[in-house]
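Structural features, examined
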Amino acid sequence: MGMHEYFKSLSDLEKINRCPGKFKYEEHSVAAHSFKVTKIAQFLGTVEEKAGKEVDWRSLYEKALNHDYTEIFIGDIKTPVKYADPDLRERLGTVEETMAHHFIDQEIPEEFQEVYRNRFKEGKDDSLEGKILSVADKVDLLYESFGEIQKGNPESLFTEIYEESLVTILEFKELDSVQYLLKEILPDLISGEFTNQAELERRTSKILKERNTEQTFAN
């Protein structure tokens with residue numbers, strides 16, 4: 001027993017591609033996603049702190065870095081599939097948790113086991129840091145799907161993922177960081193020139209309007 005197997009497993013995260021089984025112009029690994037989510041969460045946390053909130057940075061970084069580690073046990077499940085059935089989502093979560101605990105019991109030295117049980121548990125809770133993680137995760141997913149839409153990927157799945165990501169982000173619109181995202185970042189995302197720009201702008205505006213969020217995109 002030792003940390004060797006854990007360190008070795010980190011390289012395995014580079015081999016797990018997100019959204020498997022669909023044509024993509026660009027592959028994204030779980031390892032790359034975890035890094036990007038952490039960087040996005042860092043910025044969102046900075047916005048919250050600048051707005052007067054107290055951010056537990058250790059908690060935020062640990063949540064962001066570890067939030068998808070357990071996918072090493074069952075792989076990445078496409079977002080629409082995972083969220084279509086709440087019971088399926090709960091069962092997948094239970095399987096991941098059980099396998100993570102088994103891994104910790106078998107491979108992590110006893111003196112560190114409780115620490116890693118906390119690090120591997122679901123980080124998207126009701127704390128400010130948990131909410132920031134939820135948003136950061138969806139922001140990266142928004143950009144991944146946008147990249148495929150922008151390149152003209154014919155798979156409708158990426159439009160579905162884009163819309164689902166934006167809808168979830170809007171569930172946290174009380175956060176200052178989400179307001180900044182909507183006012184300063186989303187318009188830049190939409191304003192570029194690409195084949196499906198008008199349609200994506202229409203879909204984005206529709207979602208914002210349905211959730212009582214005003215936004216005007218400059219052409």
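Residues numbered from 1 in each chain as written. Predicted model: local features only at pLDDT ≥ 70, side-chain atom pairs only at ≥ 80, totals over all residues. Heavy atoms only, no water.

Inspection of the secondary structure puts Asp 68 in the loop between helix H3 (57-66) and helix H4 (71-74). Relative accessible area serves as the criterion here: at 10%, Asp 68 is assigned to the buried category. Of note is the side chain of Asp 68, whose polar atom sits 3.3 Å from the side chain of His 67. If near-sequence neighbours (up to four positions away) are discounted, Asp 68 is found in contact with Leu 13, Arg 18, Val 30, His 33 and Ser 34. (Helix = DSSP H or I, 4+ residues; strand = E, 2+ residues; numbered from the N terminus. Buried < 20%, exposed > 50% of the residue type's maximum accessible area, 1.4 Å probe, protein only. Polar contact = N/O pair within 3.5 Å; in protein donor to acceptor, adjacent residues only side chain to side chain. Contact = heavy atoms within 4.5 Å.)

A few words now on the nonpolar core. Soluble globular proteins tend to pack their nonpolar side chains together in the buried interior. Counting residues in hydrophobic clusters, the biggest one holds 36 residues, and the most contacted among them are Val 135, Tyr 162, Val 178, Leu 186 and Leu 200. For this core, the secondary-structure elements that each account for two or more residues are helix H2 (30-50), H3, helix H8 (128-150), helix H9 (157-170), helix H10 (176-191) and helix H11 (197-210). Looking at this core element by element, the count peaks at 10 residues for H8. Not counting residues up to four positions away in its chain, the partners in contact with Val 135 are Leu 44, Ile 169, Phe 172, Leu 175 and Val 178. One finds Met 3, Leu 13, Tyr 69 and Tyr 116 within the second-largest nonpolar core, a separate group that totals 13 residues. (Core = buried A, V, L, I, M, F, W, Y, C linked by side-chain atoms within 4.5 Å.)

For the coordinates displayed, the defined rule picks out 23 salt bridges. Across the pair Asp 105 and Arg 117 runs a salt bridge, and its minimum N-O distance is 2.6 Å. In this pair, Asp 105 is assigned in helix H6 (residues 86-107) and Arg 117 in helix H7 (residues 110-120), connecting sequence segments 12 residues apart. Residues Glu 199 and Arg 203 are paired through a salt bridge, measuring 2.8 Å at the closest nitrogen-oxygen approach. Of this pair, Glu 199 and Arg 203 both sit in helix H11, four residues apart, which is roughly one turn of the helix. Accessibility expressed as a relative area gives 34% for Glu 199, which makes it partly exposed. You can call Arg 203 partly exposed: its relative accessible area is 28%. A single salt-bridge network, built from bridges that share partners, covers Arg 18, Lys 36, Asp 68, Asp 140 and Glu 144. (Salt bridge = Lys/Arg side-chain N within 4 Å of Asp/Glu carboxyl O.)

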